[in-house]
Amino acid sequence: MRREGSPWTGLWAVFFKEMADHLTGLRMRILEGLILLSALAAVYTGTQTLRQTVGEDPYLYLKLLTTAQDPLPSFVGFLSFFVPLAAIALAFDAVNGEYARGTLSRILSQPIYRDALLFGKFLAGLGTLAVLLLALFLLVVGLGLFTLGVPPGGEEMARAFLFLLATLAYAGVWLALGLLFSVLFRQPATAALAAIGVWLFFAVFFPILTDLAASALLLQADPFDPESQLRQANLALWISRLSPNTLYAETLTAVLNPAVRSLGPILITQLEGAVLGTPLPLGQSLLLVWPQLTGLFALFILLFTLAYVAFQRQEVRA
Amino acid sequence: MAVIETRGLTKRYGRVVAVEGLNLEVHEGEVFGLLGPNGSGKTTTILMLLGLTEPTSGEARVLGLDPMREPLKVKAKVGYLPDQVGFYGELTAWENLRYTSRLLGLPEAEAKARIEEVLRRMGLWEVRDRKVSAFSRGMRQRLGLAEVLLKRPKVAILDEPTLGLDPEAAREFLELIKGLKAEGITVLLSSHLLHQVQEVCDRVGLFHKGRLALLGTVEELAQKVLGGGYEILVEAGPGLEAAFGELEGVARVEAEAGRYRVLASRDLRSELARVAVERGALFGLALRRPSLDEVYAHYFKEVAHAA
Ligand SMILES: Nc1ncnc2c1ncn2[C@@H]1O[C@H](COP(=O)(O)OP(=O)(O)O)[C@@H](O)[C@H]1O
Ligand SMILES: [Mg+2]
C-alpha cells in the first residue's frame, strides 16, 4: 500500500531538537571532557617529540596527529578508541528512551512518519559528533601552531580533513549500531551493554581471532610455494577487514601517512620503478582507501536499514 | 456526517484477537465513549484510527481519509492524547509544546500565539517555564490536552483521560472535555471507568473482549438491558413494593426497609410520590441516572447465562 506525503516532513524539527539535547546534555559534557583531556595529553607528547625535527618534515601536522610516545597513544589512537564510545553513548537510548518516557506515541501522532524521527535522531548524533571532532581538530591545529610555530600546508590540511571525514564515517557505523540496539532492546541499559559488547569484541577479541586465523592459514600454505603463501596472507587480511576497526585503521594509515603505497602484501616486482619513501599525492592515497571508505559506508547503511525495518514493524505502545 | 467510520475493523496479534469486526460511526460534534474493561481493545481501536497500527482486515475512515494511506493528513487534523501520556521531563512545558508546534510545521509567530492560548486555557501559563518532570499527573494530563488543542483539531481522541487522576482532578478534566464539545470538536474518549465518564458521553459503545457489544445513549442501553432507563430512589413507609410495581412503566422494584429502588421506562417521580403519600408517608425521592457499570455487569451476566 502506498503512503501519501513526504517521509521527511518534520525531519529538521527532530534534528534540531535532538541536537540541542545532545549539546546541552550532561552526557555530552562528560564525553567532551574525556576526549579533550586525552587529546591534550596526546598532542602534548606529540609536540615534545616533534620539536626536535621541526623544519625537516613536510607533514609535521600529520605527524603531530599520529606520533605516540609510551605510555600514551597518539591523538589518532585516542580518537579511534573514544569515537565508538561517544557514538554509542549518543544513540543507545534514542528509541527505547522515547518508549520509556511515554513520548513515542505522542510524537508519532503528530503529522510525521517514523522515518523522520529515526533519521532525524541519526543525523543529530552525527552532527553532534561532527561538531565535537571539528572543535577538537581546530584545537589541535591551534596548539600545534602555538608550540611548533609553523603553519600547516594545503595538502596537509586536505589530508587532515579527509581524516575527519573518515572518522565521521566510522562514527556513523557505531551510531547506527547504537540506534539499532535502541530499537531492538526495550531497556536502555541492555542496549548500551550490548553495543559496548560489540565494540569490545571488535577492539579486543577480533584482532586475536584474526591473528589466530592468519597463522592457521599460513600453516596450511605450501612453504615452498610463495604464491600459495601470498594467497593465504591475502585471505587473512580479508578476514581482518570484516571489522570496522580494521577498515578505519587502514584508512587512517594511508590518509595520514603519505608514504604508504599499499594496504596489503606486495610483491617486490610491483615496486619496480617506485621511489620508496616518496609521498603519494592526495588523489592516489584517496584511491588507495576508497574500498575501505566504501566498506565503512556500506556497513553503516546496512545497520541503519536494519534499525529502520525493525522500527517500522514495532508497536507504538510500550 | 460520520467523522469516524469503521467497517469490519479487525486486529489480531498472532492468535490474540484484540479487536474483531468493529462497525462504528461517530457523528460530527458528539462526545463518543469507547468503554470497556482493560484489555477489551479500546487502545488498539484508537491506534488503528490514527494509522499507528495496521488493521489485520477491515477498514477505517477518519474525516473521509484512510489512516493507513494518508496518515499525515489524518494526524494533522486529529488530536491524540495517549494513555500514560509522557513529556520530555528535562524540557519546560513551553519547550515541549514548541517541539510539537515544529513537528506540526507551524510558522514561528503563529506557534507562539497558539502555545500561549492553549497554555492559558489549560491553566498552565503560570508554570510554562517549569520543567515537566516536576509536574503532577493532573498537570501532565492538562498539558497533553493543551498539545491536542495546539493542532486546532477537528477530532480529539483521548485514551483513558481520567486514569490516575484524583476524583476532583478527574471532574475538572471532564469539564474541559465538555468545553471541547462546545467548541464543535468531535471527541472520542476511551475509559474503563464507566460511571466516571458516562455523564459527558452523548453516546457510548461498550466493548467486551474485542467486540462492540452495545451501542447507544446511556438511557437507551439502560432501557434495553435493565428494562428501565430511569432509576428512582424512594424513601417511604414500609410495604409499598407491590403498589409501586403495579404502576405503568415500572420494570423492577427492589425494597429494603422503607427504601425502594424503582427502575422505570420514564420519569415516574410524581406517580410514585402520589402512591406513597396515599398509603403513608414520603420521606425522600431522587432520580438517578442508571449506572453503566450496572448495565455492563447485568448484560454480560445475561449473556453468560444464555450461553
Ligand atoms: N503488541 C501486542 N501483542 C500482543 N497482544 C497485544 C498487543 N497489544 C495489545 N494486545 C492485546 O490486545 C488486547 C486489547 O488490548 P488494548 O487495545 O490495549 O485494550 P484496552 O485499551 O481496552 O485496555 C489485549 O488482550 C492485549 O493483551
Ligand atoms: Mg488501553
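Residues numbered from 1 in each chain as written. Chains lettered and ligands numbered in written order. Predicted model: local features only at pLDDT ≥ 70, side-chain atom pairs only at ≥ 80, totals over all residues. Heavy atoms only, no water.

Colleague: Any chance you could break down the sheet that holds strand β13 (residues 282–288) of chain B for me, citing the residues and the numbers?
Modeller: Residues and elements named next belong to chain B. The strand order β11-β12-β10-β13 describes an open sheet built from 4 strands, whose pairing is antiparallel. Each end of this open sheet is capped by a strand with a single partner; those strands are β11 (250–256) and β13. Across the sheet, the mean angle separating the axes of adjacent strands is 15° when strand polarity is ignored. In this sheet, strand β12 (residues 259–264) lies alongside β11 in antiparallel orientation, the contact comprising 6 bridges. Bridge assignment links A255 to a residue of β12, and that residue is Y260. (Pairing = 2+ DSSP bridges. Helix = DSSP H or I, 4+ residues; strand = E, 2+ residues; numbered from the N terminus. Axes fitted to C-alpha atoms, helices over the stretch in contact; angles between N-to-C directions.)

Colleague: Could you give an account of the sheet that holds strand β5 (residues 78–81) of chain B, naming the residues involved and the relevant values?
Modeller: Residue and element names in this part refer to chain B. Spatial strand order, β5-β6-β7-β3-β8-β9: 6 strands in an open sheet with mixed pairing. This sheet does not close on itself; its edge strands, each paired only once, are β5 and β9 (211–216). Taken over all neighbouring pairs, the strand axes of this sheet differ in orientation by 15° on average, direction set aside. Looking at chain direction, strand β8 (residues 203–208) and β9 are connected through 5 bridges and run antiparallel. The residue of β9 that forms the bridge with V204 is G216. Set on the sheet, helix α5 (residues 137–150) makes contact with β5 and β6 (155–159); between it and β5 the angle comes to about 170°. Against the sheet, helix α6 (residues 167–182) contacts β3 (31–35), β5, β6 and β7 (186–191), and its axis sits at roughly 150° relative to β7. (Contact = heavy atoms within 4.5 Å.)

Colleague: Describe the packing of aromatic side chains, with residues and values.
Modeller: Residue and element names in this part refer to chain A. One pass over the full model with this rule turns up 20 aromatic pairs over all chains. Between the aromatic rings of W12 and F15, the centroid separation amounts to 5.3 Å while the plane-to-plane angle is 85°, which identifies the pairing as edge-to-face. Of this pair, W12 and F15 are both found in helix α1 (residues 11–24), 3 residues apart, which corresponds to roughly one turn of the helix. With a centroid separation of 5.4 Å and an interplanar angle of 75°, the aromatic rings of F81 and F82 are classed as edge-to-face. Classification of F81 as partly exposed rests on a relative accessible area of 41%. Through successive ring pairs, a cluster of aromatic residues spans W8, F119, F122, F297, F300 and F304. For the cation-ring pair, R186 lies above Y99, with the distance from its terminal atom to the ring centre recorded as 3.8 Å. (Phe/Tyr/Trp six-rings, centres within 6.5 Å; stacked < 30°, edge-to-face > 60°. Buried < 20%, exposed > 50% of the residue type's maximum accessible area, 1.4 Å probe, protein only. Lys NZ or Arg CZ within 6 Å of the ring centre and 35° of its normal.)

Interpretation in functional terms is not warranted from these geometric data alone.
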